[in-house]
Amino acid sequence: MFTLNENNEYEAEINGIKFVCESVEEGFEETATNIAKVYESKLDSIAQFMIQEGISDFFGELTPSEIIKSLGKPTIDLGRYLVTYLEHTLDDEHIIEFEYDGLLDELFYLNIDG
């Protein structure tokens, strides 16, 4: 499932979601598969989390629907418990990321960098 990429990290794509890790640990394949299954159903809570954490400070007032439409393909680092959006359409300058636990059950530390 995971293959070594040019950045010397392992990656897999499931349902349009890119999963990465420095080394493939026991349970990562199952976790990636399970996150891919629930990701769409978690988008509303992800958007609500971003609103609560102040995404509008960077991009103006946004509705959950506008956020969901603009996020693009996520990259999920299984070893660091980190979701990153490099392809969002809110602007061309910032990277949006946050930490998670479980199957995106808990979301922490929204970071907008650029």
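Residues numbered from 1 in each chain as written. Predicted model: local features only at pLDDT ≥ 70, side-chain atom pairs only at ≥ 80, totals over all residues. Heavy atoms only, no water.

**Regarding the nonpolar core**
Generally speaking, nonpolar side chains in soluble globular proteins are found buried as a group. Formed by 32 residues in total, the largest nonpolar core has its most connected members in F19, I46, M50, L78, Y85 and F98. Ranked by residue count, the leading element in this core is helix α1 (residues 28-52), at 10 residues. Non-local contacts of I46, meaning those with residues more than four positions away in its chain, are made with Y39, L71, Y85, F98, L104 and L107. (Core = buried A, V, L, I, M, F, W, Y, C linked by side-chain atoms within 4.5 Å. Buried < 20%, exposed > 50% of the residue type's maximum accessible area, 1.4 Å probe, protein only. Helix = DSSP H or I, 4+ residues; strand = E, 2+ residues; numbered from the N terminus. Contact = heavy atoms within 4.5 Å.)

**Regarding the pattern of salt bridges**
Throughout the structure, instances matching the rule amount to four salt bridges. Note that K73 is salt-bridged to E13, the shortest N-O span being 2.9 Å. Residue K73 is located in the loop between α3 (64-70) and β4 (74-77), and its partner E13 is located in strand β2 (residues 10-14); the two are separated by 60 residues in the primary sequence. Classification of K73 by relative accessible area gives partly exposed; the value is 28%. A relative accessible area of 52% means that E13 is categorised as exposed. Ionic pairing is found between D105 and K42, a salt bridge with its closest N-O pair at 3.0 Å. One end of the pair, D105, is in the loop between β6 (95-101) and β7 (106-113); the other, K42, is in helix α1, with 63 residues separating them in the sequence. (Salt bridge = Lys/Arg side-chain N within 4 Å of Asp/Glu carboxyl O.)

**Let's talk about unusual backbone geometry**
Of note, the phi angle at Y81 is positive, near 55°, even though the residue is not glycine. Structurally, the position occupied by Y81 is in the loop between β4 and β5 (82-85). Here the phi dihedral of L104 falls at roughly 65°; this positive angle occurs in a residue that is not glycine. Within the element layout of this structure, L104 appears in the loop between β6 and β7.

That's the geometry; what it means functionally is another story.
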